[in-house]
Amino acid sequence: MPREIFRIVLVGFMGAGKSTAGPLLAERLGWEFMDADQCLARRTGQTIAELFEGQGEAGFREMEATIIAELHERQEVVLALGGGAIETDSTRRLLSESTGTCVVFLNAPLAVLIERCESQPGAAVRPILQQRETLSERFHSRLQHYERAHVTIDTHGLSPETVADRIMDRL
Ligand code: S3P
């Protein structure tokens, strides 16, 4: 691990494996794992779906950006962001300008990502997944931001353990 990296931020669309590979990566590094959505849900006492419902997507994005800015202050942490977090300018700026942060993009074809999300028990907790007409558009417009990551891992066909190993190899 190069001494100048003290924080890894996982980005990628829903179903990319941020929350499954993230804890394994943190374990390998002896760092803490944090999931921005889980922290937000714990703090507000509401699920992501309830926050979307109550605040609208714009309100959710503001809360999401605020908690990410806070969590991003930490060191020796693997931080998983929700798939849409990079839609917010301030979060993109935070990731590109901060020292010590290695941004890792977990990628897979959209059809694979959708299939993974649907095979998970909590499929209904992802409001964006229900918006099928705009899903492909969102995926493609986000790619330009995801692709700015320092490291990209193609996760298609890989277990979470292998994804964590591949990230370790690239640090
Ligand atoms: C979203 C992704 C979700 C969550 C929210 C919105 C998105 O996180 O933040 O449902 O806009 O793609 P995951 O990527 O962890 O599923």
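The rules behind these values
- Residues numbered from 1 in each chain as written.
- Predicted model: local features only at pLDDT ≥ 70, side-chain atom pairs only at ≥ 80, totals over all residues.
- UniProt positions renumbered as here; feature names shortened; annotations may be inferred.
- Helix = DSSP H or I, 4+ residues; strand = E, 2+ residues; numbered from the N terminus.
- Buried ≥ 20, exposed ≤ 12 C-beta atoms within 10 Å, placed from the backbone.
- Contact = placed C-beta atoms within 7 Å.
- Pairing = 2+ DSSP bridges.
- Axes fitted to C-alpha atoms, helices over the stretch in contact; angles between N-to-C directions.

- Going by the annotation in an unreviewed UniProt entry, the name recorded for the chain is Shikimate kinase, with Acidisarcina polymorpha given as the source organism.
- Under the Sequence similarities (unreviewed entry) heading, UniProt states for the chain: "Belongs to the shikimate kinase family."

1. Notes on the UniProt feature "binding site: ATP" (unreviewed entry) in the chain
- This chain's UniProt record puts "binding site: ATP" (unreviewed entry) on Gly 15, Ala 16, Gly 17, Lys 18, Ser 19, Thr 20 and Arg 126.
- Inspection of the secondary structure assignment puts Gly 17 in the loop between β1 (7-11) and α1 (18-29).
- Given 23 C-beta atoms within 10 Å, Gly 17 falls into the buried group.
- Apart from the residues lying within four places of it in its own chain, the contact partners of Gly 17 are Leu 106, Thr 155, Pro 160 and Val 163.
- Along the chain, Thr 20 turns up in helix α1.

2. Structural notes on the UniProt feature "binding site: Mg(2+)" (unreviewed entry) in the chain
- According to UniProt, the positions carrying the feature "binding site: Mg(2+)" (unreviewed entry) are Ser 19.
- Turning to its location among the elements, Ser 19 is positioned in helix α1.
- Look past the residues within four positions of Ser 19 in its chain and what remains in contact with it is Asp 35 and Ala 80.

3. Focus on the sheet that holds β1
- Strand order in the open sheet made by the five strands is β2-β3-β1-β4-β5, with parallel pairing throughout. With one partner strand each, in any of the chains shown, β2 (32-35) and β5 (151-154) form the two edges of the open sheet. Taking each pair of neighbouring strands and ignoring which way they run, the sheet shows an average axis angle of 20°.
- In the sheet, β2 pairs with strand β3 (residues 77-80) via four bridges, with the strands oriented parallel. Residue pairing in the sheet places Glu 32 in a bridge with Val 77 of β3.
- Contacts between α1 and the sheet are confined to β1, β2, β3 and β4 (101-107), with β3 contributing the most and set at about 175° to the helix.
- On top of the sheet, helix α2 (residues 36-44) reaches β2 and β3; it is set at about 70° to β2, its chief contact.

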